[in-house]
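# Structural overview for review
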Amino acid sequence: MEFDQGMEKERFFIGHDVGTGGTKSVIVSGSGEILASSFHPYETLYPSRAFAEQDPLDWWHAVCVNTTRMMDESRIDAAKISAVGFAGQMITILPVDAKGEHLMNAITWLDSRADEQAERMIRRLGGESVIRALAGALPSGKDIVCKLQWLKEKKPDIFAKAKYVLDSTAWLVFRATGNFVFDETAASGTGLFDIKKRQWNALLSRMTSFPVDKFPPVRKCTDTAGFLNDDAALQMGLRSGIPVIAGMSDIPAAATGSGALEDGDAHFYLGTSSWLCVSSSKPANIGRHGMVSIASPDPSMFMILGESETAGMCIEWFLRKLCLPDRGYGSTLPADIYEELDRMVDEAEPGAKGVIFTPWLFGERSPVTDTRVRASFIGLSFEHTAKHMLRAIYEGVAFNLRWMIEAAEKKGFKIEALRAIGGGAKSDVWLKIVADVTKKRIEAVSNPQDAGAVGVALAAAAGVGAFSVYSQIKKAVRVRSFLEPDSSLFSLFDNLYEGFKMIYPALSKVCGALSSQNKKIERFGE
């Protein structure tokens, strides 16, 4: 079936992007028009050092609240909802019993409790060079295979009772349909999946001593995983029997929503975290910089991914803790505060008067893999103000992105332009900084904060035949503006960027020593 806007305008599709701070949901037409959207926040729990958890019931509650709200506000006939898709946080794990009941809170992507297991695994499997050759990148305490080992060692009763270990997408698909499935993007994020053959890697499973039958059956992202059951339909305000696709992880969904789906297309995300994602017809791992290949929702493609742990989170931290700590903001910051921040940044000169910020508030995955390194301001003096520090945060996130782009280009990828998505992509001030730092044309996608939800909604449309091939979704994605880099700033940012990279080796040593000392203090206090 060829793409036909006229045919698809009366069929509608729902997508849920289950993120860190909340769930973003949309109803779209097959031509990509957003008919309704909704966001519902929830909390991340930090019960101990390096722990970051979420209650999966909060995910489901957000999905139901958003769906009923959108259906009420849009007044769309429920009979015209043709498919539903979920996109969840990558490298998040949730053990469940045979009835699908969760046995503990979800261990999220931000959690690095398994550092010890990661270090032991690297030693046991032959060292860094052997691991990179086999898996493409070194495991860290944030990776699924290490979290699974932590679960086996520290929570053996839960591990034994678990029928399956799911991610957030798989759990929501189960709640909606009653069926256990694992999509190919989620499987590729485990480190145990052969993305070329799209099947489990028996060698890696044996080497890590992890039984892959703890994961449910793997399905293509656009396959129908099941149909909306009566209970889920009642809670969501929909009719039962609607097809629910297997879904995908949040980054592949965002890539879909950015339209960067053809060979060599690239996008970056600015939100709580940030990432660079390049679509490719061939897989490539850049393990030295924590960048790996994962399965694309398009069965014929791969995605080369580098993820940075904190981006917008750095700005929120600066705002809540340092800049305006007495305003008493709740869980969600007012929308106009970001316009105020942009004005502050715009008033500070490019280069932030020599201040450099390293955006590693909770360790880092890419362009450096280091769970112990932490953020820093370098070069502060009496002449600097909050405006300079805030601009340094914007620029520091851009330097991190440039480092990943540089690593990808050294591997042979030619990146000429970057699609921009995420809440941070609503800021032309920040996008212009990214353009100037990276020397790339930025293509700002319309409704960038909705890209993940729109992406999985359009994937659901593909799953029921609205697109003849997956890459055709690109035609349904709108770009609102193009930003060109300012060549007069290249020299300035080249010098600052080299300084940025020089900071890491020294800072890593300091943070590693402090982390070891903190562990000793914790053990002494027990």
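This report concerns the structure included in the present document. These figures come from a predicted structure and were not determined experimentally.

What counts as what
Residues numbered from 1 in each chain as written. Predicted model: local features only at pLDDT ≥ 70, side-chain atom pairs only at ≥ 80, totals over all residues. Heavy atoms only, no water. Phe/Tyr/Trp six-rings, centres within 6.5 Å; stacked < 30°, edge-to-face > 60°. Helix = DSSP H or I, 4+ residues; strand = E, 2+ residues; numbered from the N terminus. Buried < 20%, exposed > 50% of the residue type's maximum accessible area, 1.4 Å probe, protein only. Lys NZ or Arg CZ within 6 Å of the ring centre and 35° of its normal. Contact = heavy atoms within 4.5 Å. Disulfide = S-S within 2.5 Å. Expected span 1.5 Å × (residues − 1). Axes fitted to C-alpha atoms, helices over the stretch in contact; angles between N-to-C directions. Parallel < 35°, antiparallel > 145°, perpendicular 65-115°, else oblique. Nonpolar A, V, L, I, M, F, W, Y, C, P; charged D, E, K, R; others polar. Pairing = 2+ DSSP bridges. Salt bridge = Lys/Arg side-chain N within 4 Å of Asp/Glu carboxyl O. Core = buried A, V, L, I, M, F, W, Y, C linked by side-chain atoms within 4.5 Å. Left-handed = near helix turned anticlockwise from the far one by under 90°.

Moving on to the packing of aromatic side chains. Under the definition given, this model contains 22 aromatic pairs. When the centroid spacing of 6.1 Å and the interplanar angle of 70° are considered together, the rings of W59 and W171 count as edge-to-face. In this pair, W59 sits in helix α2 (residues 56-74) while W171 sits in helix α7 (residues 168-177), placing the two residues 112 residues apart along the sequence. Each ring, one from W403 and one from F500, has its centre 6.2 Å from the other, and the planes form 80°; the classification is edge-to-face. Of this pair, W403 sits in helix α14 (residues 386-410) while F500 sits in helix α17 (residues 490-525), placing them 97 residues apart in sequence. The two residues W403 and F500 agree in class, both being buried. The structure contains a cluster of three or more aromatic residues connected by ring pairs, namely W360, F399, W403, F493, Y497, F500 and Y504. The aromatic ring of F51 is capped on one face by R113, whose charged end is 3.7 Å from the ring centroid.

In terms of residue burial, helix α5 (residues 144-154) counts as a mostly covered element, since eight of its eleven residues are buried. Within α5 the residues assigned to the buried category are I144, V145, C146, K147, L148, Q149, W150 and L151. Here the buried face of α5 lies against β6 (94-96), β7 (106-107), α3 (115-124), α6 (156-161), β8 (164-166) and α9 (202-208).

Turning next to the state of the cysteines. All chains considered together, the criterion is met by zero disulfides. Lacking any disulfide linkage, C221 is separated from the closest cysteine sulfur, that of C277, by 13 Å. Unpaired in terms of disulfides, C511 finds its nearest cysteine sulfur in C314, a separation of 14 Å.

End to end, helix α16 (residues 451-463) covers 18 Å across 13 residues, agreeing with the expected 18 Å (1.5 Å per residue, within 8%). Judged by how many residues are buried, α16 sits mostly within the fold: twelve of 13 residues are covered. Every buried residue of α16 is accounted for by A451, G452, A453, V454, G455, V456, A457, L458, A459, A460, A461 and A462. In the segment just after α16, G465 is the residue with positive phi, at about 95°.

For the rest of this paragraph, the subject is the packing of helix α13 (residues 336-347) against α14. In the contact formed by α13 and α14, the axes pass within 8 Å of each other and the chain directions differ by 100°. The angle between α13 and α14 falls in the class roughly perpendicular. Within the contact between the two elements, α13 uses L341, D342, M344, V345 and E347 and α14 uses A386, K387, L390, R391 and Y394. Partitioned by chemical class, the residues of the contact of α13 with α14 number six nonpolar, no polar and four charged.

Between S366 and the following residue, P367, the backbone shows a cis peptide bond with an omega angle of 15°. Even without being a glycine, I91 presents a positive backbone phi close to 45°. Along the polypeptide, I91 turns up in the loop between β5 (81-88) and β6. Exposure remark for I91: the relative accessible area of 9% places this residue in the buried category. In this structure, K353 is a non-glycine residue whose phi angle is positive, near 55°. Relative to the helices and strands, K353 is located in the loop between α13 and β20 (356-358).

Taken in spatial order, the seven strands of this open sheet run β18-β19-β17-β16-β22-β23-β24, and their pairing is mixed. Two strands bound the open sheet, and with one partner strand each, they are β18 (292-295) and β24 (479-483). Direction aside, the axes of adjacent strands within the sheet are offset by 30° on average. Pairing between strand β16 (residues 266-270) and strand β22 (residues 417-421): three bridges, direction parallel.

With the rule as written, the count across this model stands at 27 salt bridges. One salt bridge in this structure joins R113 and E53, with 2.8 Å as the shortest N-O distance. Of this pair, R113 sits in the loop between β7 and α3 while E53 sits in strand β4 (residues 53-54), placing them 60 residues apart in sequence. In this pair, the class of R113 matches that of E53, namely buried. A salt bridge links D111 to R113, with the nearest nitrogen and oxygen atoms 2.8 Å apart. Using a relative accessible area of 9% as the deciding quantity, one classes R113 as buried. Here the salt bridges do not stand alone but share partners, grouping K142, D143, E309 and R365 into one network.

Okay, the nonpolar core next. Considering soluble globular proteins, one finds that nonpolar side chains tend to be buried as a cluster. Core analysis: the largest hydrophobic core is formed by 110 residues, its most contacted members being I27, W60, I81, F86, F215, L228 and L238. With ten residues, α16 is the largest single contributor of residues to this core.

Quick look at the packing of α14 against helix α15 (residues 428-438) now. Between α14 and α15, the least distance of the axes is 9 Å, while the angle of their chain directions is 45°. By the angle between their axes, α14 is oblique relative to α15. Relative to α15, the crossing made by α14 is right-handed. Residues R391, Y394, E395, V397, A398, F399, L401, R402 and I405 of α14 form the contact with α15, whose participating residues are W430, I433, V434, V437 and T438.

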